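Secondary and tertiary structure notes
Each chain, written out:
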Amino acid sequence: MNAFPRDSAIILVHGAWADGSCWRNVIVPLQQRGLHVICAQIPMTSLTNDASALSWALERTSGPVVLVGHAYSGAVIAAVREDRVKSLVYIAALAPDEGETVAKVFYRDIPHPEAPKLVPDSHGFIWMPDDGFRRAVAHKASANQTNVAAAVQRPIAVQCIQDPAPTPAWRTKPSWFLLAEEDRMINPKTQRFMAERMGARVQSHSIDHSPMYTEPNLVIEVILEAARQTLAFAPSRTNEIFG
């Protein structure tokens, strides 16, 4: 028997330098629990544009939703307004408060020695140096995985990290945070600060910045915990053609 209401959905949002395929190890196990899974492809051109793209993905669902964001997209999942969103899950993610920028929270604490130096190109986009995936983005992943990630990377616009965040949804919705204790991109101290500020339920593990690659079972576990606690008794909504 399905533990979740009809049309319950999980929307997974990728971070910088990635796309929806970064969730490949997470998608099917969630579907096997009876959940509808969507990977929102965001353009990474501005925080406003990315929130709009996520809103379009939300329009493809009709029931209660859990939003899941990795890294930069923690700011994106908190920037949408939709009553059907019942909870937020942060996977080593950034959570600026109202008026803060992603850059402000990203650079709040001292960077890891292996963290790459990030400089925008002449078009205002930031690319990850190829060795940055191996050294910091997913330093526990296989060489094949980091080589592929470097080859298919998508850049993020400077505007994304400079836009002030709107009032975040985590002020009113329950949140979960998977804290990466061995993160080389977002200082674990920064993650702890943000998780405590939002009052999130925290799971802290010795994982790297990209656990969807290296520890997908932990990612699945925290998403399912949020789903069980916030979707299980949420009413679903069906689309009626005839009234």
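Up top is the structure.
Residues numbered from 1 in each chain as written. Predicted model: local features only at pLDDT ≥ 70, side-chain atom pairs only at ≥ 80, totals over all residues. Heavy atoms only, no water.

Turning our eyes to something else, we now look at the layout of surface pockets. Within this model, the largest pocket holds a volume of roughly 290 Å³. In this structure, the largest pocket is lined by 17 residues; those nearest its centre are Phe-106, Tyr-107, Pro-111, His-112 and Ala-115. (1 Å grid on protein atoms, 1.4 Å probe; cavity = no way out; pocket = protein on both sides within 12 Å on 5 of 7 lines; lining within 4 Å. Points joined across faces, edges and corners; volume = space filled by probe spheres on them.)

Taken N-terminus to C-terminus, the directions of helix α5 (residues 130-137) and helix α6 (residues 143-152) make an angle of 135 degrees; their axes are 8 Å apart at the nearest point. Regarding the angle of α5 to α6, the classification is oblique. Crossing geometry of α5 relative to α6 is assigned as right-handed. Two secondary-structure elements touch here, α5 through Asp-130, Phe-133 and Arg-134 and α6 through Thr-146, Ala-149 and Ala-150. (Axes fitted to C-alpha atoms, helices over the stretch in contact; angles between N-to-C directions. Helix = DSSP H or I, 4+ residues; strand = E, 2+ residues; numbered from the N terminus. Parallel < 35°, antiparallel > 145°, perpendicular 65-115°, else oblique. Left-handed = near helix turned anticlockwise from the far one by under 90°. Contact = heavy atoms within 4.5 Å.)

Before going further, it helps to examine helix α10 (residues 216-230). Its 15 residues place the ends of α10 21 Å apart at the C-alpha level, agreeing with the 21 Å of an ideal helix rising 1.5 Å per residue. Within the sequence span of α10, burial applies to Pro-216, Leu-218, Val-219, Ile-220, Val-222, Ile-223, Leu-224, Ala-226, Ala-227 and Thr-230. (Expected span 1.5 Å × (residues − 1). Buried < 20%, exposed > 50% of the residue type's maximum accessible area, 1.4 Å probe, protein only.)

This brings us to helix α8 (residues 188-198). The set of residues buried in α8 consists of Thr-190, Gln-191, Met-194, Ala-195 and Met-198. One face of α8 carries all of its buried residues, which in axial projection span an arc of 130 degrees. Seen from the buried face of α8, the exposed residues on the opposite side, beyond 90 degrees, are Lys-189 and Glu-196. Considering only its buried residues, α8 is in contact with β4 (85-91), α4 (102-106), β7 (175-180) and β8 (201-205). Sitting at the amino-terminal end of α8 is Asn-187, which places a side-chain oxygen 2.8 Å from the backbone nitrogen of Lys-189. Phi for Gly-199, located one or two positions after α8, is positive at around 70 degrees. (Arc of directions from axis to C-beta. Polar contact = N/O pair within 3.5 Å; in protein donor to acceptor, adjacent residues only side chain to side chain.)

Such coordinate-based values are descriptive only and should not be taken to indicate function.
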